[in-house]
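# Architecture at a glance
Residue-level listing of the chains:
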Amino acid sequence: MNVGIIGVGYVGLVTGSCLARMGNKVICADIDTEKIDKLNQGIMTIYEPGLDEVVKAGLAETTLRFSDQIESTVEESDLIFICVGTPSDESGAADLKYVKEVAKGIAASIHRYKVIINKSTVPVGTTRIVQKIIEENMPHFHEFDVVSNPEFLREGSAVEDFMNPDRIVIGSDSQKAIGLMTELYAPLKAPLVIADSASAEMIKYASNSFLATKVSFINAISNICDNVGADVKKVALGMGYDKRIGFEFLEAGPGFGGSCFPKDCKALIKIAEDSGYDFRLLKGVMEVNEAQQELMVSKLKNLLGGLKEKTIAALGLSFKPNTDDIRESPAICIIKGLLKEGASVKAYDPVSNENAKKILPEIKYEKDAYDAVKGSDGIIILTEWDEFKWLDFEKIKQTVKNPLILDTRNCLDPQLLRKSGYIYQGVGR
Ligand code: UGA
């Protein structure tokens, strides 16, 4: 099928290149010409495992093209995906200005039947808003449908998630559009959830907010575990065997971050408020999350008897492993807290040092974990990158001022570390 993608950010690039991999003819369009030039040369604009190969294969097989021409992309495509950002505005609501701009641009170029698909995470009702904008801005009427098709990709495993989805959600009342969307996704053999567009939009917010609730729930449990001497890892394991609960998203830690959970929880609270419902449960989820980040700073402060003039080695900056994304990263928030308490910080992340420098220029960045820990009063693990699990902590002990670790991701072995003379503290264990 001929597919156009408008907006070559994270979602657009993964969606476009994977649809090309499935045999479709895909054009990914964006107004950022520099980005388009890079991608046409096969140079990646984001760090995402496996994406490089998929993009290069698409370019080589000419199933994938990048363009800065929105108009011709719309003209050549039967299915057009809107994949632009929806940042939070001051009230927490998703800002739709990019979606609306793109809708107007699409309207101007429709000359035959098209399906316009909203992949961006948008408030309930946006599909209808896009429908109206297109209707109003079309120079001559042509038949078209607007469909909601939320994405469930996780950064760090987005290609894998796209190719093996748990489900595909299609929100539309048009049988013609549903038929085309079903045909597009048929090779993935995933369960299809066909719904009205409002329900499809709600599925996305409800899913992310529910997962965020799981994380805040287990973080709250971890704090009680700390108080009563229980081990949250064992608790999560025991809970997870219950099929109704499941094992996933029960890792206690420094709180959730990233470009989605915090933004989508805030947006759903706002959607609820606007609809006349006070979503106290989700407000609590956000409160627990903020408190969890602050708690990590207090934990380290207590362990060291104060943070003033202490040198802290911070390992990990991204909001989770296998991504260079530091948006709303608990690591950044915790480091800011450490600085506020008078500590100095030496940080290392396998791929995010450069991104972090832009928003946190006041700390020192090291080229590897061993350099970061040298001479430190305490080590704080902030992202559970695999390479931190394999560090030689015997060697590290010889170079630190004080063998002390706060493992906010529970990714190290407490027994081994304590046996080799470290003061170790995790979260809820
Ligand atoms: C999330 C959803 O998982 C995707 O399904 C969704 O498509 C995406 O948002 C989106 O809306 O675009 P992502 O933000 O990439 O994906 O990250 P997650 O893997 O969900 O992790 C979110 C945060 O929760 C991270 O900070 C992570 O460290 C934290 N987390 C996750 C925990 O603290 N504990 C857990 O057990 C799981």
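Since we're looking at a predicted model, the values are computed, not measured. (Residues numbered from 1 in each chain as written. Predicted model: local features only at pLDDT ≥ 70, side-chain atom pairs only at ≥ 80, totals over all residues. Heavy atoms only, no water.)

### Some remarks on the site of the ligand
In the vicinity of the ligand, 19 residues are found, and the nearest of them are Glu151, Leu153, Glu155, Lys204 and Asn208. Residue phenylalanine 152 places a main-chain N or O atom 3.2 Å away from an oxygen atom belonging to the ligand. Relative to its free-state accessible area of 710 Å², the ligand is covered by the protein chains to the extent of 92%. Of all the secondary structure elements, the ones that give two or more residues to the shell around the ligand are helix H9 (197–228) and helix H11 (261–275). For the shell around the ligand, the leading source of residues is H9, giving three residues. (Near = heavy atom within 4 Å. Polar contact = N/O pair within 3.5 Å; in protein donor to acceptor, adjacent residues only side chain to side chain. Areas by Shrake-Rupley, 256 points an atom, 1.4 Å probe, with all protein chains shown as cover. Helix = DSSP H or I, 4+ residues; strand = E, 2+ residues; numbered from the N terminus.)

### Let's talk about the pairing of strand S7 (residues 168–171)
For a regular strand, side chains alternate in direction, first toward one face of the sheet and then toward the other. With burial as the criterion, each face of S7 is covered, one bearing Ile168 and Ile170 and the other bearing Val169 and Gly171. Handedness of the crossover joining S7 and strand S8 (residues 192–195) through helix H8 (residues 175–185): right-handed. (Buried < 20%, exposed > 50% of the residue type's maximum accessible area, 1.4 Å probe, protein only. Right-handed = clockwise from strand over helix to strand, strands pointing away.)

### Comments concerning H11
Between the first and last C-alpha of H11 there are 21 Å, a value that for 15 residues agrees with the 21 Å anticipated at 1.5 Å per step. When you tally the buried positions in H11, you get eleven out of 15 residues, the bulk of the element. For H11, the complete set of buried residues consists of Phe261, Pro262, Lys263, Asp264, Cys265, Ala267, Leu268, Ile269, Lys270, Ile271 and Ala272. On its buried face, H11 sits against H9 and helix H12 (280–304). Glycine 276 sits one or two positions beyond H11 and adopts a positive phi of about 95°. (Expected span 1.5 Å × (residues − 1). Contact = heavy atoms within 4.5 Å.)

### Digging into the pairing of strand S10 (residues 344–348)
Across the five residues that make up S10, a large majority, four, are buried. Tracing the backbone out of strand S9 (residues 311–315), into helix H13 (residues 330–340) and back to the parallel element S10 gives a crossover that is right-handed. Judged from the two bridges that link them, S10 and strand S11 (residues 364–365) form a sheet pairing that is parallel. Its bridge partner lying in S11, lysine 346 is registered against lysine 364. (Pairing = 2+ DSSP bridges.)

### A short note on the domain arrangement of the chain
For the chain, the domain assignment lists domain 1 (2–195) and domain 2 (197–429). Of note, the centres of domain 1 and domain 2, computed from C-alpha atoms alone, are 32 Å apart. Counting residues at the interface gives 30 residues for domain 1, matched by 26 residues for domain 2. Interface area, domain 1 with domain 2, both sides summed: about 2300 Å², of which 58% is carbon and sulfur. Considering only the side of domain 1, the residues that lose the most area to domain 2 are Tyr47, Val124 and Glu155, jointly responsible for 30% of the buried surface there. Linking domain 1 to domain 2 there are two salt bridges. (Domains from an automatic or database assignment. Buried area = accessible area lost by both parts, 1.4 Å probe. Salt bridge = Lys/Arg side-chain N within 4 Å of Asp/Glu carboxyl O.)

### Topic: a negative patch on the surface
Negative charge collects at one region of the surface, where Asp32, Glu34, Asp37 and Asp68 lie side by side. In this fold, aspartate 68 is placed in the loop between strand S3 (64–67) and helix H4 (70–76). Looking at aspartate 68, the relative accessible area reads 32%, which means it is partly exposed. (Patch = residues over 30% accessible without salt bridge, like charges linked within 9 Å, V, L, I, M, F, W, Y side chains within 5 Å. Lys, Arg positive; Asp, Glu negative; His and termini not counted. Charge placed at Lys NZ, Arg CZ, Asp CG, Glu CD.)

### Overview of empty space enclosed by the protein
Applying the stated criterion across every chain yields a total of one cavity of 30 Å³ or more. There is about 40 Å³ of room inside the largest cavity. For the largest cavity, the full set of lining residues is Asn118, Ser120, Thr121, Val122, Ser148, Pro150, Glu201 and Lys204. Grouping the constituent residues of the lining of the largest cavity by class yields two nonpolar, four polar and two charged. (1 Å grid on protein atoms, 1.4 Å probe; cavity = no way out; pocket = protein on both sides within 12 Å on 5 of 7 lines; lining within 4 Å. Points joined across faces, edges and corners; volume = space filled by probe spheres on them. Nonpolar A, V, L, I, M, F, W, Y, C, P; charged D, E, K, R; others polar.)

### With respect to helix H2 (residues 33–40)
Sitting at the amino-terminal end of H2 is aspartate 32, which places a side-chain oxygen 3.3 Å from the backbone nitrogen of glutamate 34. Positive backbone phi, approximately 80°, marks glycine 42, located one or two places after H2.

### Side note on the packing of aromatic side chains
Under the counting rule described, the total for this entry stands at seven aromatic pairs. Centre to centre, the rings of phenylalanine 256 and phenylalanine 261 are 5.8 Å apart; their planes meet at 75°, and the pair counts as edge-to-face. Across the pair, exposure class does not vary: phenylalanine 256 and phenylalanine 261 are buried alike. Taken together, Phe249, Phe256 and Phe261 form an aromatic cluster joined through their ring pairs. Here arginine 167 stacks its cationic end above the ring of phenylalanine 152, 3.5 Å away from the centre of that ring. Note that lysine 176 overlies the ring of tyrosine 113, its terminal NZ or CZ placed 3.9 Å from the centroid. (Phe/Tyr/Trp six-rings, centres within 6.5 Å; stacked < 30°, edge-to-face > 60°. Lys NZ or Arg CZ within 6 Å of the ring centre and 35° of its normal.)

### Some details on the nonpolar core
Grouped together as the largest cluster of nonpolar side chains are 39 residues, with contacts concentrated most on Phe66 and Phe81. By residue number, the principal contributor to this core is helix H1 (residues 10–21), which donates seven residues. Here phenylalanine 81 is in contact with Val3, Gly4, Ile5, Ile6, Thr15, Leu19, Ile117, Lys119, Asn149, Met181, Leu184 and Tyr185, once residues within four sequence places are set aside. Core analysis: the second largest hydrophobic core is formed by 33 residues, Ala236, Met296, Leu300 and Leu404 among them. (Core = buried A, V, L, I, M, F, W, Y, C linked by side-chain atoms within 4.5 Å.)

### Examining a nonpolar patch on the surface
Side chains of Leu237, Tyr241 and Phe247 sit close together on the surface and give an oily, nonpolar patch of about 350 Å² of accessible area. Positionally, phenylalanine 247 belongs in the loop between helix H10 (232–240) and H11.

### Some remarks on the sheet that holds strand S13 (residues 404–407)
In space, the six strands of this open sheet follow the order S11-S10-S9-S12-S13-S14, with parallel pairing throughout. At either margin of the open sheet sits one strand with a lone partner, and together these are S11 and strand S14 (423–425). The pairing of S9 with strand S12 (residues 378–381) spans four bridges and is parallel. Pairing of leucine 315 across the sheet is with isoleucine 381, part of S12. In the packing of H12 onto the sheet, contacts are made with S9, S12, S13 and S14, and the angle to S13 comes to roughly 160°. The sheet strands contacting H13 are S9, S10 and S12, and the helix crosses S10 at an angle near 155°. (Axes fitted to C-alpha atoms, helices over the stretch in contact; angles between N-to-C directions.)

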